Amino acid sequence: MNFELTEEQQFIQQTVRDFAQKEIAPRSAHIDATGEFPHAIFRHMAELGLLGLPFPEEYGGAEADALSVALATEEIARGDGSTALAYLAHIGLGSTPLHLFGTEEQKRRFLTPAAQGEYMAAFGLTEPQAGSDAGATRTTARLEGDEWVINGEKLWITNAPIAGHIIVAALTDKEQGRKGISMIIVPRGTPGLSFGKHEHKMGLRGSMSTAVFLNDVRVPKENLLGQRGRGYSHFLQVLDGGRITIGAMAIGLAQTAYETAVKYAQQRETFGKPIGAYQSVSNMIADMVVGLEAARLLVYKVAWLKDQGQPFSHAAAVAKLYATEASEKICRDAIQVLGGNGYSSEYPVERLYRDTRLLTIGEGTSEIQRMVIARHVLGSFAAQL
Amino acid sequence: MHAVVFIKQVPQQNSVKITPDKQIDASGIEPIISLFDEYALEEALLQVEKNGGQVTVVTIGGEEQIDALRKALAMGANQAILVNDPALATIGSLDAAKVGAAVVKKLGDFDAIFCGKQSTDDETAVFGPALARYLGLPVLSYVFKVHELDANARRVVVDRAMETTTETVEASLPAVLTTVKDLNQPRYPSLLKIKKAQKADIPRWTAADLGLNPTELAPKVTYLDRVPPPPRPKGSIIDGASAQEKARKLVDALVDTQVI
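Residues numbered from 1 in each chain as written. Chains lettered and ligands numbered in written order. Predicted model: local features only at pLDDT ≥ 70, side-chain atom pairs only at ≥ 80, totals over all residues. Heavy atoms only, no water.

## Side note on the overall build of chain B
Selection criterion: In DSSP terms, a helix is any run of H or I states spanning at least four residues, a strand is any run of E spanning at least two, and both are numbered starting from the N terminus. The buried label goes to any residue with under 20% of its type's maximum accessible area, the exposed label to any with over 50%, and the partly exposed label to all in between, with areas taken from a 1.4 Å probe on protein chains only. Every residue pair with non-hydrogen atoms within 4.5 Å of one another is taken to be in contact. Surface accessibility follows the Shrake-Rupley procedure with a 1.4 Å probe radius. Residue values consider only the protein chains on display as shielding. Asp and Glu are treated as the negative residues and Lys and Arg as the positive ones, with His and the ends of the chain left uncounted. The location of each charge is read from NZ of Lys, CZ of Arg, CG of Asp or CD of Glu.
Helix and strand content of chain B: 6 helices and 13 strands. In terms of overall dimensions, chain B has C-alpha extents of about 70 × 45 × 40 Å along its principal axes. Evaluated residue by residue, chain B yields a buried proportion of 43% over its 260 residues. For chain B, the proportion of contacts with a sequence separation of at least 24, taken over those separated by at least 6, is 69%. Just so you have it, chain B exposes about 13900 Å², and 53% of that area is on carbon and sulfur atoms. Charge-centre separation for chain B: the mean point of 29 positive side chains lies 3 Å from the mean point of 33 negative side chains.

## Re the nonpolar core
Spelled out, the test is: Among buried residues, those of type Ala, Val, Leu, Ile, Met, Phe, Trp, Tyr and Cys that are joined through side-chain atoms within 4.5 Å constitute a nonpolar core.
Counting 141 residues, the largest nonpolar core has L50(A), Y87(A), F235(A), V337(A) and L177(B) as its most contacted members. Among residues more than four places away in sequence, those in contact with Y87(A) are F42(A), M45(A), L50(A), L51(A), L53(A), T73(A) and I76(A).

## Considerations on the domain arrangement of chain A
All names here are of chain A. We count it as follows: Annotation comment: domain bounds sourced from an automatic or database domain assignment. Once two parts are brought into contact, the accessible area they lose, counted with a 1.4 Å probe and summed over both, makes up the buried area. Note on definitions: salt bridges are taken to be side-chain nitrogens of Lys or Arg within 4 Å of carboxyl oxygens of Asp or Glu.
Segmentation of chain A into domains returns domain 1 (7-120), domain 2 (122-228) and domain 3 (233-378). Taken together, the 25 residues of domain 1 in the interface contact 24 residues of domain 2. Regarding the contact of domain 1 and domain 2, the summed buried area is about 2000 Å², with carbon and sulfur atoms giving 66% of it. When the buried surface of domain 1 facing domain 2 is broken down by residue, Q106, F110 and M120 rank first, second and third, together holding 23% of it. Our count for the domain 1 to domain 2 interface comes out at 0 salt bridges. Breaking the side of domain 1 that touches domain 2 down by element, the ones donating at least two residues are α2 (28-34), α5 (81-101) and α6 (104-115).

## Quick word on the packing of aromatic side chains
Basically, it comes down to this: Pairing of aromatic rings covers Phe, Tyr and the six-membered ring of Trp, with a centre-to-centre limit of 6.5 Å; geometry is then stacked below 30 degrees between planes, edge-to-face above 60, and tilted otherwise. Only when the NZ of Lys or the CZ of Arg is both within 6 Å of the ring centre and within 35 degrees of the ring normal is a charge said to sit over the ring.
In the structure shown here, the tally under the stated rule is 6 aromatic pairs over all chains. Considering the side-chain rings of Y232(A) and F235(A), the 5.4 Å spacing of their centres and the 70 degrees angle between planes classify their relative orientation as edge-to-face. Taken together, the residues span about one helical turn, with Y232(A) and F235(A) both in helix α7 (residues 231-267) at a distance of 3 residues. Take Y232(A) and F235(A): they sit in the same class, and that class is buried. Note on Y264(A) and Y347(A): the rings are 5.9 Å apart at their centroids and 90 degrees apart in plane angle, and the pair reads as edge-to-face. You can see Y264(A) sitting in helix α7 and its partner Y347(A) sitting in the loop between α10 (340-343) and α11 (349-357), a full 83 residues away along the chain. By the ring-pair criterion, three or more aromatic residues cluster together here, those being F123(A), Y232(A) and F235(A). The positively charged end of K106(B) is found above the aromatic ring belonging to W205(B), 4.9 Å away from the centroid.

## A closer look at the sheet that holds strand β6 (residues 54-60) of chain B
Residue and element names in this part refer to chain B. Applied cut-off: Two strands make a pair as long as DSSP finds a minimum of two bridges between them. Where helices are involved, their axes are fitted lines through C-alpha atoms of the stretch in contact, as for all axes, and angles between N-to-C directions lie from 0 to 180°.
Ordered by their spatial adjacency, 9 strands build an open sheet running β11-β10-β9-β12-β8-β1-β6-β7-β13, and the pairing between neighbours is mixed. Of all strands in the sheet, those bounded by a partner on one side alone are β11 (166-172) and β13 (204-205). Pairing geometry for β6 and strand β7 (residues 79-83), over 5 bridges, is parallel. Each residue of the ladder has a partner; that of V58, found in β7, is I81. The strands touched by helix α2 (residues 66-75) within the sheet are β6, β7 and β13, with β7 carrying the most contacts at an inclination of about 165 degrees.

## Quick look at helix α4 (residues 66-79) of chain A
Worth spelling out the cut-off: A helix is expected to reach a length of 1.5 Å times the quantity of its residues less one.
The terminal C-alpha atoms of α4(A), which comprises 14 residues, lie 20 Å apart, in line with the 20 Å expected from a rise of 1.5 Å per residue. Most of α4(A) is tucked away, with 14 of its 14 residues classed as buried.

## A word on the interface of chain A and chain B
Each partner contributes residues to the interface: chain A has 25 residues there, and chain B has 14 residues. Across the chain A/chain B interface, buried area totals approximately 1800 Å², and carbon plus sulfur atoms make up 60% of it. The largest per-residue losses of area from chain A upon contact with chain B belong to E8(A), F11(A) and L48(A), which jointly make up 31% of the total buried on that side. Across the chain A-chain B interface, the total number found is 2 salt bridges. Ionic pairing is found between E8(A) and K195(B), a salt bridge with its closest N-O pair at 2.8 Å.

## Some remarks on the packing of helix α9 (residues 313-338) of chain A against α11(A)
Residue and element names in this part refer to chain A. Short version of the rule: Any angle from 65 to 115 degrees is called roughly perpendicular, while one under 35 is roughly parallel, one over 145 is roughly antiparallel, and all others are oblique. Should the near helix be turned anticlockwise from the far one by less than a right angle, the crossing is left-handed, and should it be turned clockwise, the crossing is right-handed. Asp, Glu, Lys and Arg are counted as charged, while Ala, Val, Leu, Ile, Met, Phe, Trp, Tyr, Cys and Pro are counted as nonpolar; the rest, among them Gly, fall into the polar class.
Their axes nearest at 9 Å, the elements α9 and α11 cross at an angle of 160 degrees. By the criterion of interaxial angle, the relationship of α9 to α11 is roughly antiparallel. Here α9 runs over α11; the crossing is left-handed. Listed contacts from α11 to S327, E328, C331, R332, A334, I335 and L338 of α9 are V349, E350, L352, Y353, T356 and R357. Taken together, the residues of the contact of α9 with α11 break down into 7 nonpolar, 2 polar and 4 charged.

## Looking at the pairing of strand β8 (residues 112-116) of chain B
Residue and element names in this part refer to chain B. With respect to burial, β8 is a largely interior element, 5 of its 5 residues being buried. A two-sided burial pattern is seen for β8, the buried positions comprising A112, F114 and G116 on one face and I113 and C115 on the other. Pairing of strand β1 (residues 2-6) with β8 involves 4 bridges; the strand directions are parallel. Pairing of V5 across the sheet is with F114, part of β8.

## A look at the pattern of salt bridges
Taken as a whole and judged by the stated rule, the model has 35 salt bridges over all chains. Between R332(A) and D333(A) there is a salt bridge; the shortest N-O distance is 2.8 Å. We note a salt bridge from R155(B) to E170(B), for which the minimum N-O separation is 2.9 Å. Of this pair, R155(B) sits in strand β10 (residues 155-161) while E170(B) sits in strand β11, and the two are 15 residues apart along the sequence. Several salt bridges share partner residues, and in doing so they unite R17(A), E75(A), R78(A) and E259(A) into one network.

## Describing the layout of surface pockets
Residue and element names in this part refer to chain A. Operational definition: Using only the protein atoms, space was sampled on a 1 Å grid; points where a 1.4 Å probe fits but cannot get out form cavities, open sets with protein on both sides within 12 Å along at least five of seven lines form pockets, and lining residues are those with an atom within 4 Å of a point. Grid points are joined across faces, edges and corners, and a volume is the space filled by probe spheres set on the points.
Taken as a whole, the second largest pocket encloses approximately 1200 Å³ of empty space. Together, 41 residues line the second largest pocket, and T126, I361, G362, E363 and G364 are the ones closest to its centre. Secondary-structure elements contributing two or more residues to the lining of the second largest pocket are α5, β3 (147-158), α7, α11 and α12 (366-378). If you tally residues by element for the lining of the second largest pocket, the top one is α7, at 7 residues. Along the lines of polarity and charge, the residues of the lining of the second largest pocket split into 22 nonpolar, 10 polar and 9 charged.

## Things to note about the packing of α7(A) against α11(A)
All names here are of chain A. For the pair α7 and α11, the least separation of the axes is 10 Å and the interaxial angle reads 160 degrees. Regarding the angle of α7 to α11, the classification is roughly antiparallel. For the pair α7 and α11, the crossing hand works out as left-handed. For the pair formed by α7 and α11, the contact residues are A250, L253, T256, A257 and T260 on the first element and V349, L352, D355 and T356 on the second. Classifying every residue of the contact of α7 with α11 by side-chain character gives 5 nonpolar, 3 polar and 1 charged.

Dropping the structure here:
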């Protein structure tokens, strides 16, 4: 076993850490308070090459491995949760499907501008009736001549109103059920495409998640991404990779909560002693260390599996489940360590708690992760359900 | 144009600890490019972007300095050179300038040399002016704005930051420019250039490669003592029912400690 990062991984980690601490972290409270999308930060991230980090150089990417992407995500999330979520939606959901399943022409037209940061990318999967049960997708796409005509509604689509393209999951063959789902690329400005309001959310308020309405949206036949009818298995593959980076994002948020709690426990005094001297507080700090360390090992390991070309679906579910739940606990305990100040927006921990709360829900709820993990061990019992 | 930039990798501020026997504890040191050298590198990159040409970045030191050079390459420098010779391990600032001059002569063709006004570890501020002296070139120190750097017209015009005033000066090229803080906004390394920077072939030059006799470069200054900075007093959180009360307590505390 080798737990050392390569020089390149260390370099990426350090560069993104410097950038995030100087350029992102100081704006986090403002982003949360106003719900403003951090456009300037993303323009800067594009200059650095962050927006195409995992993609091939020929499409404007940096060709970094999955572990580097996890490390970069962790550092961005240490700076700001909203920025991290928008970043992940761009890289993991809006761009990765093109990298995995796109034709040369699709990669040139859609992956390249996304990787170069000319625009943000988005992925439209969730619907009013199809969240965890993505197989229940109702949005339809019918072929009329050389065009797909798409109708339906999507919910909670991160980056949608600012995206240069949205990859939409739609039923191309209704009677086939799950096997009738395909992915179709919808460029921005396509007539019939409109958006709901910027959702008022508990946390991650600077990331734009809106409803997407598709009303007789027409795109060329060539915008079918991957194979017709294979959309469901395609996006499960995309979501597996997304789970690694959601885990990394959870670690980044928890790291900042932990650091804030440690500093506070060292400085704040009650009854003549720093509060960290009391076991009730120091135990929480110790548990945070364990949670962070274990989450990192799980997330980095699954990234490594992916980089080795090994199956990582099960490990991704384990890592995502553990890291996001550990992060929630760490952010919760950080508020507890800070007491009244923890509950105040003067300190970052209440924001971190609200931000991390999404992560046990988005990109596969904890309940779905447990189901995936248990099925891997017990089998699916599909016949009995 | 060809710009040569001398950079030095130094410990991050506050990461240096001094052991009880007054040696430097290397264990917790976080290496960074010396602050003023980052401005020098950025200015060279900006000038070359404007005028065309290339940037060569040079450092003198051990293998650990490679990280600084790779970072400079990822920022956009075209080539890097490491002068690495155990005989130069304890070299002083003046002799480092002698080595620098030998590097520049070996490189041959160049138009401008950039370096920070001083390093943030030794803080001697000797290197740039001494380098200019050894090369017989004009030195423009404490540069905080470059108005014009024209390799064809062999002309450079800059503002220099003096203690209380500024002055605008002109010199012929080649020249040595030493840079101050806030001359520009140093860029972050590009992740797109990291792979290339990691793979880049960085030549190692020794004293012999530069035609130097190491015995003449033995340190001429000996450290007799090191006094670590006093530990920072502990911070405290000021409580109060209102902002006014907190502010009053803060002012009282600042008066008590004679800060104000």
